[in-house]
Structures are given as structure tokens and as C-alpha cells.
Amino acid sequence: MSTMNEIYESHLYPSDRIVPVDFEAVRTAPESYVWPKSDVFSSGEQSSVPVIDLMDPNATEHIRQALETWGVFQLLNHGISSSLIEEVENEIRRLFALPAQQKLKVLRSTHGSTGYGLPRIAKNFSQHLWHEGFTVMGSPVDHARKLWPHDYERFCDVMENYQKAMKGLAERLIRLIFLSLGICDEEIRWLGSSDDSGSNNITAALQLNSYPPCPDPDDGQVMGLGPHTDTSLITILRQGDINGLEIFKDGVGWILVPPLAGAFVVNLGDLFQILSNARFRSVIHRAVVNGTRQRYSFAYFYDPPMDFVLSPFCNGLNSGQAPRYRSMTVKDYISVKFNNFMTALSSIEI
Ligand SMILES: C=C1C[C@]23C[C@H]1CC[C@H]2[C@@]12CCC[C@@](C)(C(=O)O1)[C@H]2[C@@H]3C(=O)O
Ligand SMILES: O=C(O)CCC(=O)C(=O)O
Ligand SMILES: [Fe+2]
């Protein structure tokens, strides 16, 4: 049984796309960070991503509709305590406020999966990203000890508690979404089989994102996180109260996902698109930066076990359809994504 760490570690990542810019020294974005105007254009569209109350008796149906039309929704009444969320936010601030020298002690390596650095998608763009991140899979204790030798336990406890809570919520949502598709319990037996508290069965990741303010020479042409779809089955994102997240809607363009107090942004990733035989699509999204305020966000990515074979569900509401993707394991899809990025899904079409 392989873990998520092992799968990501088996892909050699280019060393020139790991170290974030030295935000303390660089006051304005160098030329290599400026994206073409046509790329950054926002649609100004007024309609917005649906907001769903998980306590609503019709929540399942609302979620199915939201996923079909938008691929993403904001979730309220999700049962995750606001104090736990605040604790994570405090730890994120404490982490990214450390001097650059200190953060570089836990820099992700070329064959690494966790730690400090640019997001993995940085290698897919010619322009650079105005971003620093920290990736956690399971216990972050080895890195936390290097960052705070005498005071590392708080960070570890908070990150582990949060991952546990997110695992519960992710599994609850996945079960609900599968049921809304008419897929029976039998097909989701694997759900809940992983145990991220042990180190031998990790199938989820927590990504902490920081976007320092960027006094941008040409307004809005610097990107925090370039356009991408998540690889996950499901992603649960918390953004603070600062604008930045945008989704791409076909025929419309880029639309802001406005920060909503207490809410999570929930979207499906490529793995769900495969399983649902493209009935649900993984939404393209990005994060833009602003000139004055440091923005933080954190995302929890949930995957099935790495050896799980993804075969499109062709029964249920998709009944009678032929599978659109060839079957493969989660770990093989991660390899396809590493080598193909935005064309990964079309490259496995039948
Ligand atoms: C479990 C995951 C999911 C990863 C890879 C690995 C750890 C870090 C995740 C992210 C986080 C930032 C966006 C993304 C696109 C990236 O560059 O790194 C994500 C990626 C993916 O969804 O593919
Ligand atoms: O910062 C955000 O709002 C988006 C983060 C994101 O897309 C990710 O971590 O995958
Ligand atoms: Fe994302």
C-alpha cells in the first residue's frame, strides 16, 4: 500500500521552481512575474457561486445541482468549529511570519512532497508565481521541530486536529454526493479506510497558502496561483476575508468567489470527474494577489487510496453511458497529471 507522500516523492521536481521570491528584499514584481493582460482579465460577472447550508433538508439536491452547473459551492453549517479554524489561521500567520532564512530550513526538496516552497504547479508556467506555501501530509513534526525547536507541538496538534476534522467532513460530503448520483454504498466501501493519524496510510494533504502583498507595476498582472484544476477527489478550502480566489466559467470568464464569513469553498477535483464519467467537472480556478494586504488560505485535498482503481461509474443517473476515461489507479493518474498538467484528463479519454 503506497501513501500519498511516496507517490509525490517518486516524481523528480525541478529545483528552479521551489524557492519563493525573497519577499523581504523584492518590493515590486520583477518582469518574470508579470502575466499578459489577456490572461488576467476578470469577467465582472455578477452571478455567483451557490451557497449551501448543510443543515438544509434539501442540501443533497442543492449540492448536486451546484456541482453540475458550477463545479463549486460555498458551504455553511458544516459542523467544523470556528475556534479550530482560528487556531489554524494563527499557526499559518506564525509560520509565514518567520524570517525567510528560517523557512528555507524546511524547503521542499526536488524529491519531496511536504514542506515550504512554491506550489507544485509552479513548474507548469513560464511566468513566476507570487506565492509561498507549506504542504502537510500526516504529521508535520519533522519540519515543525526545525522551525520551532522548543515549541513545535502546538503547530503539530493544530494541523493534525484539523486534518482529522476535514477527513470527517470530506467523507460526509463524498457519501452524500455519491448517493445523489444513485451510487450504492457497495461502491464506496473504500471510503473511510485510510487513517491519516498513522504514517502508513496517508491519502490526503493540507496546503497552507500565503500571498504577500504585491505592489504590482501593472495592476492585477501578477498571479498568486496560476489557473489549475485540483487533482483530488474533493477539496475543502478556507479563504480568509480578502478577495483572491477566482473560478473560470465556460462562456463567461473569470468570476470572483467572494469571501463569506464562516464558509468553506468546496470543489471537486479531477478524480471525481473521472469517477462521475464527466458528469461533474473539476473547476478551473486561480488566486490573484493584491497590492496592500497579505492573504492566506488553506486547502484540504482528499483522495481515495493510491492503489484504488478509478473506473467511471456508468450506472446510477449516468445509466447506459459508455465510460469516457480508461481505468487507472489513483497513483497512475497522479503521474499522468505530473507529466501533462492541464491536458491530463483529455489524455486519458477513451
Ligand atoms: C495532494 C496534493 C494536491 C496538490 C499536490 C499534492 C500536494 C499539494 C497540492 C497542491 C496545492 C496547491 C495547488 C496544487 C495544484 C499544487 O500545485 O499543489 C495542488 C496539487 C494538486 O491538486 O494537484
Ligand atoms: O488561495 C486560494 O483561494 C486558492 C487555493 C487553491 O486553489 C489551492 O490551494 O489549490
Ligand atoms: Fe486549487
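Residues numbered from 1 in each chain as written. Chains lettered and ligands numbered in written order. Predicted model: local features only at pLDDT ≥ 70, side-chain atom pairs only at ≥ 80, totals over all residues. Heavy atoms only, no water.

The protein appears in an unreviewed UniProt entry as gibberellin 3beta-dioxygenase from Morella rubra. In its Cofactor (unreviewed entry) section, the UniProt record describing the protein reads: "L-ascorbate". UniProt's Sequence similarities (unreviewed entry) comment on the protein is quoted here verbatim: "Belongs to the iron/ascorbate-dependent oxidoreductase family. GA3OX subfamily." (UniProt positions renumbered as here; feature names shortened; annotations may be inferred.)

### As for the overall build of the protein
Looking only at helices and strands, the protein has ten helices and 14 strands in total. Summarising its shape, the C-alpha atoms of the protein cover approximately 60 × 45 × 40 Å along the three principal directions. Scored against the burial criterion, the 350 residues of the protein give a buried share of 56%. Sequence separation of at least 24 residues holds for 77% of the intrachain contacts in the protein that already meet a minimum separation of 6. Distance between charge centres in the protein, computed from 30 positive and 40 negative side chains, equals 2 Å. (Helix = DSSP H or I, 4+ residues; strand = E, 2+ residues; numbered from the N terminus. Buried < 20%, exposed > 50% of the residue type's maximum accessible area, 1.4 Å probe, protein only. Contact = heavy atoms within 4.5 Å. Lys, Arg positive; Asp, Glu negative; His and termini not counted. Charge placed at Lys NZ, Arg CZ, Asp CG, Glu CD.)

### So, the site of ligand 2
Taken together, 13 residues surround ligand 2, and among them Asn209, Tyr211, His285, Arg295 and Ser297 come closest. Take arginine 295: an N or O atom from its side chain is 2.8 Å from an oxygen atom of ligand 2. Between ligand 2 and serine 297 there is a distance of 2.7 Å, counted from an oxygen atom to a side-chain nitrogen or oxygen. In the complex, the protein chains occlude 95% of the 300 Å² of accessible area that ligand 2 would expose alone. (Near = heavy atom within 4 Å. Polar contact = N/O pair within 3.5 Å; in protein donor to acceptor, adjacent residues only side chain to side chain. Areas by Shrake-Rupley, 256 points an atom, 1.4 Å probe, with all protein chains shown as cover.)

### Some words on the coordination of the iron ion (ligand 3)
Coordination of the iron ion (ligand 3) by the protein comes from His228 (NE2), Asp230 (OD) and His285 (NE2), over a distance range of 2.1 to 2.3 Å. Sequence positions of the residues that donate to the iron ion (ligand 3) give the spacing H-x1-D-x54-H. Here aspartate 230, found in the loop between β6 (223–228) and β7 (234–239), pairs with histidine 285, found in strand β11 (residues 285–288); they are 55 residues apart in sequence, far enough to count as distant. Across this residue pair, the class does not change: aspartate 230 and histidine 285 are buried. (Donors = N, O, S within 2.8 Å, 3.2 Å for Na, K, Ca; no water.)

### Here's the deal with the nonpolar core
Membership of the largest hydrophobic core comes to 80 residues, with the highest contact counts inside it found for Phe134, Leu208 and Tyr333. With residues near it in sequence (within four places) discarded, leucine 208 still touches Ile92, Leu95, Phe96, Glu132, Gly133, Phe134, Phe155, Met159, Ser297 and Phe298. Among the nonpolar cores identified, the runner-up in size contains 23 residues, and Val21, Ala122, Phe125 and Trp130 belong to it. (Core = buried A, V, L, I, M, F, W, Y, C linked by side-chain atoms within 4.5 Å.)

### What to know about the site of ligand 1
Surrounding ligand 1, one finds 13 residues, the nearest of these being Arg120, Ile121, Gln207, Asp230 and Thr231. In this structure, isoleucine 121 approaches ligand 1 through a main-chain N or O atom, which is 2.8 Å from an oxygen atom. Between threonine 231 and ligand 1, the recorded distance is 2.5 Å, taken from a side-chain N or O atom to an oxygen atom. In a pocket analysis with a 2 Å cut-off to the grid points, ligand 1 is assigned to the largest cavity. (1 Å grid on protein atoms, 1.4 Å probe; cavity = no way out; pocket = protein on both sides within 12 Å on 5 of 7 lines; lining within 4 Å. Sits in = over half its atoms within 2 Å of the grid points.)

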